[in-house]
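# Close look at the chain arrangement
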Amino acid sequence: MTLFSAKSIGLYSLVIGGAIGFFNVVTSYGEANLKAPILVTGNYLITAQNLPDCLQQKQLILKIQQSGRYLNASLSTDRQPSSSSDDTRPTFSGRLQDRQLDLIGLLPTNICPQGSQLQISGSVVTTDSKTVKEPNKPNPDRKLQGQLRSIDQDNQKGRSVNFIGIRQQSTRSTSSD
């Protein structure tokens with residue numbers, strides 16, 4: 001039995017050719033059909049009319065963290081993150097799918113002492129053509145538009161308010177390790 005017989009070379013060629021062919025099919029499918037979701041990570045200044053009572057007269061910042069299509073967010077009343085871990089801990093969770101985002105969670109007690117549940121539904125809106133070419137790059141022209149729906153814990157009444165979230169420029173520099 002020799003190592004380089006016609007049967008061995010034929011078998012090795014078939015196995016290697018099959019692996020390369022399978023790799024090409026999977027790669028072609030991935031490039032054509034698998035797209036990363038649009039990047040929405042960042043801080044958004046929320047502007048809305050007729051907010052719930054505990055949110056009136058406050059400048060609201062929605063801080064979104066993204067991992068693929070899954071989102072975590074926190075709501076604060078100032079531009080600078082506070083030193084308290086309770087204020088910066090994400091209190092909302094949700095998903096991003098086809099430029100539509102849905103978040104739900106409890107309002108922090110430092111913002112609404114009565115502890116209301118808040119649902120945020122909206123879409124990612126862009127004003128430039130750069131986003132179409134590079135959807136996964138940070139873009140200051142990206143904004144959120146949708147509805148805030150508060151649900152009071154005591155009487156389960158809900159109220160919807162239209163909002164616009166303008167992306168804020170990051171004041172913190174990012175470093176690559």
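Coordinates for the structure precede this section.
Here is a short report on the structure shown in this document. Source: prediction; values computed, not measured.

What counts and how
- The numbers attached to residues start from 1 for each chain and follow its sequence in the written order.
- Residue-level local features of this predicted model are given only where pLDDT is at least 70; pairs of side-chain atoms are given and counted only at 80 or more, and the full residue set underlies all totals for whole chains, interfaces and linings.
- As a convention, hydrogens and water are excluded, and side-chain values are obtained from all of the structure's heavy atoms.
- Numbered from the N terminus, helices here are DSSP runs of H or I no shorter than four residues, and strands are runs of E no shorter than two.
- In this scheme, a residue with accessible area under 20% of its type's maximum is buried, one over 50% is exposed, and one in between is partly exposed, where area comes from a 1.4 Å probe on protein chains only.
- Here, residues are in contact when the closest pair of their heavy atoms is within 4.5 Å.
- Computed with a 1.4 Å probe, the accessible areas rest on the Shrake-Rupley method; for each residue, only the protein chains presented here act as cover.
- With a 1 Å grid laid over protein atoms only, a set of points is called a cavity when a 1.4 Å probe fits there but cannot get out and a pocket when it is open yet has protein on both sides within 12 Å along at least five of seven lines; lining residues have an atom within 4 Å of a point.
- Grid points are joined across faces, edges and corners, and a volume is the space filled by probe spheres set on the points.

Helix and strand counts for the chain come out as 3 helices and 8 strands. In the chain, the succession of α and β elements from N to C terminus is α-β-β-β-α-β-β-β-α-β-β. Taken across its 177 residues, the chain has 29% of its residues classed as buried. Excluding contacts between residues fewer than 6 apart, the proportion of contacts in the chain whose partners are at least 24 apart in sequence is 47%. For the chain, the exposed surface amounts to about 11900 Å²; the carbon and sulfur share of it is 53%.

Once that is clear, we can look at empty space enclosed by the protein. Throughout the structure, instances matching the rule amount to 1 cavity of 30 Å³ or more. Considered as a void within the structure, the largest cavity measures approximately 30 Å³ in volume. Taken together, Ile46, Leu55, Leu60, Leu75, Leu118 and Leu148 make up the full set of residues lining the largest cavity.

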